[in-house]
Amino acid sequence: MNMHSGIAACGCSRRGFLRGAAGLGLASLVAAPALADTCVPFDKTRQTATSPDDAIARLKAGNQRLLDNETVNCDLLGQIKATASGQAPFAAIVGCIDSRVPPELIFDQRIGAVFTARIAGNFVNTDIIGSLEFATKLTGARAIVVLGHTACGAIRGAISNAQLGNLTATLSNIEPAVVAAGADFDGEKTADNPAFVQAVADMNAKLAAKMIVDRSVVIRDLVEAGDVKVVAAMQDVATGRVSFFE
C-alpha cells in the first residue's frame, strides 16, 4: 500500500498521516501491525496471515495510539459495507461491562476487527468459552485476551460478598480469584483496600485466561498447535494503558 492509498484508507489528512509516519518511522509503517492498514477491514487472507503474536502486537499498537492521542479516523460506513458479506476478526476480547473499558476504543480497533464478550468482572463460563470456540476454531481469530481493569466494581462486590438479585450469582464466579489472591496477600483483605482489590482483579484475569484453555479442548488444541494465543491483560482506567500478563 502506498502513502496515498494509506491516507485514503485511514480517512485522515495528509498532514495527520505524515505526522503518524514520522512518529513511528517508515519501517514501522510497513511492519505488522502497520498504521497504513488500520482501516482496511480484515478478510480471511489477512486474518490467516496474522500470527497469534502479530494479533497481540496489533492490539498493543492500537492501545499506544490511544495513549499518544493518535487514534485513526476510519470510514465506518465503508467498513460496514465491506464486512456485510462476512467477518474475519483477528482477535477476541473478554472484557468487563464497565463503561470505561470498551475494547474497540481501548485498542483503537474498528468494525470487523475483534470479537468482544463483556460481562461484569470479565470472568468466563461455558457460554463465553463456547463463544470463544466459535471465534477461534470456526471464524479464525488468532488471539484471545481477557481484559480486566483497575477500580473494578464487580471485583469489589465479590470481595464484599454483595447480595443483590441475580448479581449475587454473577459475582460468585469471581470468588475463586478472591480466595487465590488472598492466600498470598499481606494486608487488609477487604474491598476498601485498593491494593487487595487490584490483586484480586489481576488474579481474576489470569484465572479466566487459564480456564479458557483448561476447559476447552478445542482452544487448547489450537494453542498447542501455535494457531491461537490466550493472554490476560489489565487496563488502568486512570490512564487507558493496557498491560499484558505474558
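A short tour of the structure in this document, coming up. The structure presented is a predicted model; accordingly, all values stated were derived computationally and were not measured.

Criteria and cut-off values
- Residues numbered from 1 in each chain as written.
- Predicted model: local features only at pLDDT ≥ 70, side-chain atom pairs only at ≥ 80, totals over all residues.
- Heavy atoms only, no water.
- Helix = DSSP H or I, 4+ residues; strand = E, 2+ residues; numbered from the N terminus.
- Buried < 20%, exposed > 50% of the residue type's maximum accessible area, 1.4 Å probe, protein only.
- Contact = heavy atoms within 4.5 Å.
- Areas by Shrake-Rupley, 256 points an atom, 1.4 Å probe, with all protein chains shown as cover.
- Axes fitted to C-alpha atoms, helices over the stretch in contact; angles between N-to-C directions.
- Parallel < 35°, antiparallel > 145°, perpendicular 65-115°, else oblique.
- Left-handed = near helix turned anticlockwise from the far one by under 90°.
- Nonpolar A, V, L, I, M, F, W, Y, C, P; charged D, E, K, R; others polar.
- Pairing = 2+ DSSP bridges.
- Core = buried A, V, L, I, M, F, W, Y, C linked by side-chain atoms within 4.5 Å.
- Expected span 1.5 Å × (residues − 1).
- Phe/Tyr/Trp six-rings, centres within 6.5 Å; stacked < 30°, edge-to-face > 60°.
- Lys NZ or Arg CZ within 6 Å of the ring centre and 35° of its normal.
- Salt bridge = Lys/Arg side-chain N within 4 Å of Asp/Glu carboxyl O.

**Observations regarding the overall build of the protein**
The secondary structure content of the protein amounts to 13 helices and five strands. Out of the 246 residues belonging to the protein, those deemed buried represent 46%. Residue pairs at least 24 apart in sequence account for 70% of intrachain contacts in the protein once pairs closer than 6 positions are excluded. Per element, the accessible surface of the protein, about 11900 Å² overall, is 56% carbon and sulfur.

**Some words on the packing of helix α8 (residues 126–138) against helix α13 (residues 217–224)**
Their axes nearest at 9 Å, the elements α8 and α13 cross at an angle of 40 degrees. Taken together, α8 and α13 sit at an angle that is classed as oblique. Our pair here, α8 against α13, has a crossing hand that is left-handed. Seen from α8, the contacting residues are I129, L132, E133, T136 and K137; seen from α13, they are V218, I219 and L222. Residues belonging to the contact of α8 with α13 are distributed by class as follows: five nonpolar, one polar and two charged.

**Describing the pairing of strand β3 (residues 143–149)**
The buried fraction of β3 is high, at seven of seven residues. Of the two faces of β3, both are covered, the one formed by A143, V145, L147 and H149 as well as the one formed by I144, V146 and G148. Summarising the sheet, strand β1 (residues 91–95) and β3 pair through five bridges and their orientation is parallel. For A92, the partnering residue across the bridge sits in β3 and is I144.

**Considerations on the nonpolar core**
Within the largest apolar cluster, 43 residues are counted, with the highest numbers of intra-cluster contacts made by I174, V200 and I212. It is helix α12 (residues 194–215) that contributes the most residues to this core, nine residues altogether. Sequence-distant contacts of V200, that is, excluding residues within four places in its chain, are made with I155, I159, I174, A177, V178 and A181.

**Some remarks on the sheet that holds strand β2 (residues 114–118)**
Read from one edge of the open sheet, five strands run β2-β1-β3-β4-β5, paired in mixed fashion. The open sheet is flanked by β2 and β5 (242–245), the only strands paired with a single partner. Looking at each pair of strands side by side, their axes are set apart by 25 degrees on average, direction ignored. In this structure, strand β4 (residues 229–235) lies alongside β5, joined through four bridges in antiparallel fashion. From the neighbouring strand, A233 faces β5, where its bridge partner is F244. Helix-sheet contacts for helix α5 (residues 52–67) involve β1, β2, β3, β4 and β5, and the interaxial angle to β3 is about 35 degrees. Against the sheet, α12 contacts β3, β4 and β5, and its axis sits at roughly 165 degrees relative to β4.

**Points about the environment of V218**
Checked against the element boundaries, V218 lands in helix α13. Classification of V218 as partly exposed rests on a relative accessible area of 32%. In this structure, the C-alpha to C-alpha distance between V218 and F134, residues 84 residues apart in sequence, is 9.7 Å. With residues up to four places along the chain from it excluded, the contact list for V218 reads E133 and K137.

**Brief notes about α12**
The first and last C-alpha atoms of α12 sit 31 Å apart over 22 residues, in line with the 32 Å expected at 1.5 Å per residue. Taken as a whole, α12 has its buried residues at F196, V197, V200, A201, N204, A205, A208, A209, I212 and V213. Where α12 is buried, its residues meet α8, β3, α9 (153–159), α11 (175–183), α13 and β4.

**Notes on the packing of aromatic side chains**
All chains considered together, the criterion is met by four aromatic pairs. With 5.0 Å between their ring centres and 35 degrees between their planes, F42 and F90 make a pair best called tilted. Of this pair, F42 sits in the loop between α3 (26–30) and α4 (44–49) while F90 is found in the loop between α6 (76–82) and β1, placing the two residues 48 residues apart along the sequence. Ring plane angle 75 degrees and centroid distance 6.0 Å describe the contact between F115 and F134, whose orientation is recorded as edge-to-face. Of this pair, F115 sits in strand β2 while F134 sits in helix α8, and the two are 19 residues apart along the sequence. You can call F134 partly exposed: its relative accessible area is 41%. The cationic tip of K60 hangs over the ring face of F244; the distance from NZ or CZ to the ring centre is 5.2 Å.

**Details of the pattern of salt bridges**
Scanning the model with the defined rule gives 10 salt bridges in all. The residue D192 makes a salt bridge to R156 at a minimum N-O spacing of 3.7 Å. Here R156 lies in helix α9 and D192 lies in the loop between α11 and α12, a separation of 36 residues in the sequence. According to the relative accessible area criterion, D192 is exposed, its value standing at 64%. A single network of salt bridges, built from pairs that share partners, joins D53, K60, K229 and E246.

Coordinates in, geometry out; function isn't part of it.
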